[in-house]
Each structure stands twice: as C-alpha cells, then as structure tokens.
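So the chains spell out like this:
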Amino acid sequence: MKTLGLIGPGRWGSKYLLPMNGGEHITAVLSRSAYDAPLWCRSMTDTEAFFSLGLDGVIVSTGPESHVELALRAIESGAGVLVEKPLALDWSGCARIIEAAQKSGLPLLVSSPHLWAERFVAKLARRPEQAHDVEAHFGGPAHSGYSDWLDWGPHLVAMSLAAFRYREPHTVDIYGDRATNFARFPEWEGRTERVLRFRGGSASLEVTQETSRFFRIEYGDGELWDYDDEDHPPDEHTPMWHMARTFQDLLRGGTDQRADLSFTRAIYGILFGEQGG
C-alpha cells in the first residue's frame, strides 16, 4: 500500500481515519495542535516535518480557505492529493491546483462521496446511456465563510455530469445568488439554481438552506430513479472506503474517470460560472 498522510483531522476529516473508511492506511496526521491519532498514525504539528516524510499521497481536509496552499505544497513534495470539496473558494484557486497536478503528472482527486456510493455506481453501470433529465435539490445548515452553493453544489454538479456520461453541458443557466436581484425576486432568497443543458437533456439543480437530499434521474424510456429514496440493502463498504481505495489505485498509476482533470475542471468551471455559456 502507498503511504498516506492526512491534514485536518477535524469533525469531517477524522472520518478518513476510521478503519471502515480505509483509515488504517494513513500513517501520519498533521493538525494545528496535538491530536490523539490512532495507534498506527504519527501525530504531527510541524508542517515542514510532515511534508518531508516522503508520503505518496496527502488528504487535505482543512477549511477550504487553505486548500490551495496545502494542495500545492503536497504536489510540490511529490505527493498526489485528495482534497475535500470545495476544491477552492474561487475559480483562480481551482485552476492553480488543477494546473499543478497536470504539470506534475500526480493524481488529483476531489472528494465527492456520492460518486462512490455502491447503488449510484451500480445504477450507472446498468444504464450505460446518458440520462434524459436530472432533477435534484440538496441543502442544509449554512457554513460560515463560504456559500451554500459551494457546500452542496459540488455534489449535484458531479453527480449530474456522471449521469450524463461525463459529457459537459453546452449552456448553464444561473438563477439565485449573483444572477438574481433579491429586491425584485424575494422568493429566491436563500436559494441557488443551475440548469445544465446538454444535447439530449438537462439537469435542474437547486441548493436551499432547508435540509434536503433528493436526486432523480429520468431516462429516455421514461424510467425514473431516485438515488436517495430507492429501497436498497446496506452498502457493503462506505463511499469513503471506495474513494480511499480509488485514491490508492491512482497513486499506483491507475486511472478513474472521476479523477480525470477534465472532469474536475468542468465541475468547478460550472460552479464558478466559468463554463457552459
């Protein structure tokens, strides 16, 4: 197995350390203060010492304001990176990380666990044609420091592009946030929507401040499939376990469409209004 390090073992980042998520392969943890890491991990607070370990891969699970600095530092040290979403807080930061990964030839994987959920993967495998339409809305408590769209939007955009067989939309219509004057359209307060228009279909994606998880795919023959509402047995492994395994495969020279730089570029280009019209 390749050696992995984790930066940011906070409320979410600590999940990467759980054995059920593949955490037994993480050998070093970097945090701002002393951290009670599992027995198999070395806990560190010295950034220079961490990056001098010669790790094969680094998981960046800090706040998004530090993703650019830490991801670039990891790539500079010769490590592939798995970065929590959002990749960065603006398009410029995303582009810098993507460009650095492209120049180095090292893997860049951005966390999007729903893409690794066994039932989502199985459905796309059973229906190899692209979706006809997608309707989705995610939401929950707001994060401080960045928008709800940057919190939930990466999931919706990534899942939609996967449902459309990793094709990119030719047009993206933007409603809510910066595209709408809330004084004239108060009903959009607290909501953001993107409509991704593909050849042969569209995806209507909405983020709200209300807690919700809904993702529906409609196929050309009229079949409807609800990702969250489907009656299914428990997954054998967690999505994070599958994602961690993919990261290990990438570090060994494997490939995966979910880690293709063009896919990552398309997701964040859409999120920041840099792509699709």
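Residues numbered from 1 in each chain as written. Predicted model: local features only at pLDDT ≥ 70, side-chain atom pairs only at ≥ 80, totals over all residues. Heavy atoms only, no water.

Chemist: Break down the packing of helix α3 (residues 91-104) against helix α7 (residues 261-271) for me, with residues and values.
Modeler: Packing of α3 against α7 leaves a shortest axis separation of 10 Å and a crossing angle of 175 degrees. Our classification of the angle between α3 and α7 gives roughly antiparallel. Across the interface between the two elements, W91, C94, I98, A101 and Q102 from α3 touch L261, T264, R265, Y268 and G269 from α7. The class makeup of the residues in the contact of α3 with α7 is 6 nonpolar, 3 polar and 1 charged. (Axes fitted to C-alpha atoms, helices over the stretch in contact; angles between N-to-C directions. Helix = DSSP H or I, 4+ residues; strand = E, 2+ residues; numbered from the N terminus. Parallel < 35°, antiparallel > 145°, perpendicular 65-115°, else oblique. Contact = heavy atoms within 4.5 Å. Nonpolar A, V, L, I, M, F, W, Y, C, P; charged D, E, K, R; others polar.)

Chemist: Which residues make up helix α2 (residues 67-76), and what values do they have?
Modeler: Within α2, 7 of the 10 residues are buried, which leaves it mostly tucked inside the rest of the structure. Along α2, the residues that are buried comprise H67, V68, L70, A71, L72, A74 and I75. Buried residues in α2 make contact with β1 (4-7), α1 (47-51), β4 (57-60), β5 (80-83) and α3. Immediately downstream of α2, the backbone of G78 shows phi near 95 degrees, a positive value. (Buried < 20%, exposed > 50% of the residue type's maximum accessible area, 1.4 Å probe, protein only.)

Chemist: Give a description of the nonpolar core that names residues and reports values.
Modeler: Nonpolar side chains tend to gather and get buried jointly when the protein is soluble and globular. F120, V134, F215 and I217 are the most contacted members of the largest nonpolar core, which totals 83 residues. The element contributing the most residues to this core is helix α5 (residues 148-163), with 10 residues. Filtering out sequence-adjacent residues up to four positions away, F215 remains in contact with F120, V134, E135, A136, F138, L156, M159, S160, W225, D226 and Y227. (Core = buried A, V, L, I, M, F, W, Y, C linked by side-chain atoms within 4.5 Å.)

Chemist: If you had to explain the layout of surface pockets to someone new, which residues and values would you point to?
Modeler: The volume enclosed by the largest pocket comes to roughly 1,100 Å³. Surrounding the largest pocket, 39 residues form its lining, W12, G13, S61, T62 and E84 being those nearest its centre. The set of elements that each furnish at least two residues to the lining of the largest pocket consists of α1, α2, α5 and α6 (239-251). The dominant element in the lining of the largest pocket, judged by the number of residues it contributes, is α2, at 4 residues. Taken as a whole, the second largest pocket encloses approximately 220 Å³ of empty space. Around the second largest pocket, the lining comprises 16 residues; the ones closest to its centre are L106, P107, A259, D260 and L261. (1 Å grid on protein atoms, 1.4 Å probe; cavity = no way out; pocket = protein on both sides within 12 Å on 5 of 7 lines; lining within 4 Å. Points joined across faces, edges and corners; volume = space filled by probe spheres on them.)

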